[in-house]
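In case you want the letters, here they are:
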Amino acid sequence: MFLKLAALALSALLMVSAQATTPAHGQGGPIGIAFAQAPEQSSGVCTGQNTDKALACAKAQCVEGGALAEDCLRVKWCYPAGWSADVFVQHQEGPHWHEYLCGWSSKEAMMAAVAVACDRSLRDYLIECSAVRYWDNDGRELEAE
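Help me out: how do you make sense of helix α3 (residues 107–117) in this one?
When α3 is considered as a whole, its buried residues turn out to be Ala 109, Met 110, Ala 113, Val 114 and Ala 117. Looking straight down α3, one finds that the buried residues subtend no more than 145° of arc, so they occupy a single side.

Structure, rendered in structure tokens:
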């Protein structure tokens, strides 16, 4: 229990740090990142400065990937986007999904968040957990290492 509370406190501190240190992107200021997902079917990711437009774009990408519009849920918006990760997670009983971590101040902070999210001592029911995609502070997608 203490580890979970410590991880949450660290997460909150790093999120505040990310918001305070994220550089402006052009004249319009920082960008946000939006995630939509139809579990076990499709997903979408878009960046932008407008919450509704970015989430609508992510949902449209999810539908383009083969899911029905009603199955594509708006799952997360971070502003500013900061460093972000798409984490593939699979339960020991078979279902799998993606979790999105965003708003981190650096790649190192994001990687630490992935390590906490995938810590099997905190989530012993998982058989798989790993980052599959990253986005840098400017919204550029990077391959997971």
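After that view, the rundown keeps rolling.
Explanation requested: the pattern of salt bridges in the structure shown.
A pair can form between side chains of opposite charge whenever their charged atoms are brought close. The final tally for this structure, using the stated rule, is five salt bridges. We note a salt bridge from Glu 141 to Arg 133, for which the minimum N-O separation is 3.7 Å. Judged by relative accessible area, which is 48%, Glu 141 ranks as partly exposed. Between Arg 140 and Asp 136 there is a salt bridge; the shortest N-O distance is 2.9 Å. Taking the relative accessible area as the measure of exposure, Asp 136 reaches 6% and is therefore buried.

Any chance you could explain the pairing of strand β4 (residues 83–91) here in plain terms?
Consecutive side chains of a regular strand alternate in pointing toward one face of the sheet and then the other. Counting buried residues in β4 gives eight out of nine residues, a clear majority hidden from the surface. Pairing geometry for β4 and strand β5 (residues 96–104), over seven bridges, is antiparallel. Directly across from Trp 83, in β5, lies its bridge partner Trp 104. Where β4 hands over to β5, the hairpin turn is made up of four residues, of which Gly 94 adopts a positive phi near 115°. Across eight bridges, β4 lies against strand β6 (residues 126–135) in antiparallel orientation. Within β6, the position partnered with Ala 85 by the bridge is Tyr 134.

Conventions adopted
Residues numbered from 1 in each chain as written. Predicted model: local features only at pLDDT ≥ 70, side-chain atom pairs only at ≥ 80, totals over all residues. Heavy atoms only, no water. Buried < 20%, exposed > 50% of the residue type's maximum accessible area, 1.4 Å probe, protein only. Helix = DSSP H or I, 4+ residues; strand = E, 2+ residues; numbered from the N terminus. Arc of directions from axis to C-beta. Salt bridge = Lys/Arg side-chain N within 4 Å of Asp/Glu carboxyl O. Pairing = 2+ DSSP bridges.

So yeah, pure geometry; function would need other evidence.
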